[in-house]
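# Observations on chain architecture
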Amino acid sequence: MITIKDIAKEAQVSEGTVDRVIHNRGGVSKKTELKIREILDRHNFSVNPIASALAMKNKHTIATLMPKHNADDLFWKSPHMGVLKAADDLKTFGIQVNNFTFNQYDAHSYFETFKTLLESEPTAVIMVPNFSKETKKIVALLEDKNIPYLFLNIDIDGFKNMAFVGQDSYNAGYIAGKLMHFSSPNAETFLILQARHNILKNNAVSNRIKGFNDYFLKNNVSSKSQTLKLESLDNTVETKEKINSYLIENPEIKGIFVPSSRIYITVDCIENKTLENIKLIGFDNTPQNIECLLNDSVSFLISQKPFDQGYEAVRILTDYLVQNKTPNSKTFLPIDILIKENVKYNERSEYMFESEQS
């Protein structure tokens, strides 16, 4: 018997897209819908009424609590898209996903958004633990109501989250150190650019920096790193002046490591003549970062597979809610090293899903 998975494979779309066409839920382009219906007719496909009734009976609601994305910081768009695709693919299992977003620089926004989320009475929660103090309050409320929760992207010790889905940030930083050394084997000094905002709240960034420095220590490489701490990585006159002044005062610096998704701002801040002689390594395949990779301003990007993070988080909770399957405590996504020659092949699933929505 042909399945929705078979139809999706033949049509080269997601299972969720096929499901939307079968149940006339919309959100699919006319061209894609026509293609799917032709395949359905050719195989005489019919919906299994027993499976549909079971899915309707066993409904679960997963709520997500993630930062908003905008034109200047597109990173969080990818895990959000991954969540949407998983919600589509797993809807036949009786899973509904409600998404709640907050200002990642505002602790008040984080906690207030969570209170709104809690009013929706979710069965389980996927959350990005952005602020330690507020996370303690949030977790206490979830545990009081016996609502299972999973940490996404940022892993904080000392909590009873049933799982973490994201990157092994220490190893990602270690790989960045290795890439920097191979790119400039004779260089003695590298610079780490860090925003104070990240210093205070994001242990993923701290772990990357530790991994970066440990590469040189563990391999007895004489190169060393310096750290320039900025108020923010926004492209302001003050940021630009601080970075360029530091590089002028320290001409021995041959590489810059930015342990966050905003390396494109660093590129915009550095004078062109200086940029030509420095290797830059950063994180995440946002459109702005990819542009820097393609024009050779950035040597390497390390991808966190953010789309897959969102997708896997929903899938893991679905397995737990529907099949009572206990997840691994840590689910680390592959660490992809992106260069200009391979970046267009990264995150193909995300691009396909986006095209289906248009």
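In this report, the structure presented in the accompanying data block is examined. (Residues numbered from 1 in each chain as written. Predicted model: local features only at pLDDT ≥ 70, side-chain atom pairs only at ≥ 80, totals over all residues. Heavy atoms only, no water.)

### Comments concerning the sheet that holds strand E2 (residues 95-102)
Hydrogen bonds between backbone atoms are what pair the strands of a sheet, whose relative direction is either parallel or antiparallel. Quick note on the threshold: Two strands qualify as a pair provided DSSP detects at least 2 bridges between them. Starting at the N terminus, helices and strands are each numbered in turn, a helix being any DSSP run of H or I of at least four residues and a strand any DSSP run of E of at least two. Working convention: axes come from line fits to C-alpha atoms, limited for helices to the stretch in contact. Angles between N-to-C directions cover 0 to 180 degrees.
Within the open sheet, the 6 strands sit side by side as E2-E1-E3-E4-E5-E11. Their pairing is parallel. Sheet topology places E2 and strand E11 (330-332) at the edges, where each strand pairs with a single neighbour. Each neighbouring strand pair of the sheet contributes to a mean axis angle of 20°, computed without reference to strand direction. Relative to strand E5 (residues 163-166), strand E4 (residues 149-152) runs parallel, the two being bridged by 3 bridges. Within the sheet, the bridge partner assigned to Leu152 lies in E5 and is Val165.

### What to know about helix H2 (residues 15-22)
Short version of the rule: A simple rule labels every residue: compare its accessible area, found with a 1.4 Å probe on the protein chains alone, to the largest value its type can have, and call it buried under 20%, exposed over 50%, or partly exposed in between.
A large share of H2 lies buried, amounting to 7 of its 8 residues. Among all positions in H2, only Gly16, Thr17, Val18, Asp19, Arg20, Val21 and Ile22 are buried. The positive-phi residue at the C-terminal boundary of H2 is Asn24, with phi of around 55°.

### Regarding the environment of Asn346
Its place among the elements puts Asn346 in the loop between strand E12 (336-338) and helix H16 (348-357). Overall, Asn346 belongs to the buried group, its relative accessible area being 5%.

### Comments concerning the pairing of E5
Taking every second residue as pointing to the same face, both faces of E5 are buried, with Ala163 and Val165 on one and Phe164 and Gly166 on the other. As judged from the 3 bridges shared by E5 and E11, these two strands associate in the parallel manner. Its bridge partner being in E11, Gly166 is matched across the sheet by Phe332.

### Some words on the nonpolar core
The cut-off we apply is this: What makes a nonpolar core is a set of buried Ala, Val, Leu, Ile, Met, Phe, Trp, Tyr and Cys residues whose side-chain atoms join them at distances within 4.5 Å.
Core analysis: the largest hydrophobic core is formed by 47 residues, its most contacted members being Leu65, Met127 and Leu142. Among the elements that make up this core, the one with the highest residue count is helix H15 (residues 306-323) (6 residues). Counting residues in hydrophobic clusters, the runner-up holds 28 residues, among them Tyr246, Ile256, Ile265 and Leu301.

### Let's talk about the packing of aromatic side chains
As a reminder, the rule being used: Ring pairs are drawn from Phe, Tyr and Trp, using the six-membered ring of Trp, whenever the two centres fall within 6.5 Å, and their geometry is named by plane angle: stacked under 30 degrees, edge-to-face over 60, tilted for the rest. Definition used: whenever NZ (Lys) or CZ (Arg) falls within 6 Å of the ring centre and also within 35 degrees of the ring normal, the charge is taken to sit over that ring.
Per the stated rule, a full pass over the model turns up 14 aromatic pairs. Considering the side-chain rings of Phe75 and Trp76, the 4.9 Å spacing of their centres and the 85° angle between planes classify their relative orientation as edge-to-face. Judged on exposure class, the residue Phe75 and its partner Trp76 are both buried. With 6.0 Å between their ring centres and 55° between their planes, Phe257 and Phe283 make a pair best called tilted. Taken together, the residues Phe257 in strand E8 (residues 253-257) and Phe283 in strand E9 (residues 279-283) connect sequence positions 26 residues apart. Every member of this aromatic cluster is reached through a ring pair, and the members are Tyr170, Tyr174, Phe190, Phe212, Tyr215, Phe216, Phe257 and Phe283. The aromatic ring of Phe111 is capped on one face by Lys137, whose charged end is 5.6 Å from the ring centroid.

### Quick notes on the sheet that holds strand E10 (residues 300-303)
Which entries qualify depends on this criterion: Two residues qualify as a contact provided that any one of their heavy atoms is within 4.5 Å of a heavy atom in the partner residue.
The 6 strands lie next to each other as E7-E6-E8-E9-E10-E12, forming an open sheet whose pairing is mixed. Every interior strand has two partners, whereas the edge strands, strand E7 (224-230) and E12, have only one. Neighbouring strand axes in the sheet, compared pairwise and without regard to direction, differ in orientation by 20° on average. By the bridge criterion, 4 bridges tie strand E6 (residues 189-195) to E8 in an arrangement that is parallel. Bridge pairing in E8 places Leu191 opposite Ile256. This element, helix H14 (residues 287-294), spans E9, E10 and E12 of the sheet and lies at about 145° to E10.

### Topic: unusual backbone geometry
At Glu121, a position not held by glycine, the phi torsion is positive, near 55°. When you line up the elements, Glu121 lands in the loop between helix H6 (107-119) and strand E3 (124-127). Accessibility expressed as a relative area gives 68% for Glu121, which makes it exposed. One non-glycine residue, Asn324, lies in the positive phi region at around 55°. In this fold, Asn324 is placed in the loop between H15 and E11. Overall, Asn324 belongs to the exposed group, its relative accessible area being 60%.

### Re the pattern of salt bridges
Under the convention used in this document: Note on definitions: salt bridges are taken to be side-chain nitrogens of Lys or Arg within 4 Å of carboxyl oxygens of Asp or Glu.
In total, this model carries 12 salt bridges according to the counting rule given. For Lys305, the salt bridge is made with Asp308, and the minimal N-O distance between the two is 3.7 Å. Owing to a relative accessible area of 12%, Lys305 belongs among the buried residues under this scheme. What makes Asp308 partly exposed here is its relative accessible area of 22%. Between Arg315 and Asp319 there is a salt bridge, with its nearest N and O atoms 2.9 Å apart. On the criterion of helical spacing, the pair formed by Arg315 and Asp319 is a turn pair, its members being 4 residues apart in helix H15. Arg315 gets classed as partly exposed once you look at its relative accessible area, which sits at 28%. A single network of salt bridges, built from pairs that share partners, joins Lys305, Asp308 and Asp336.

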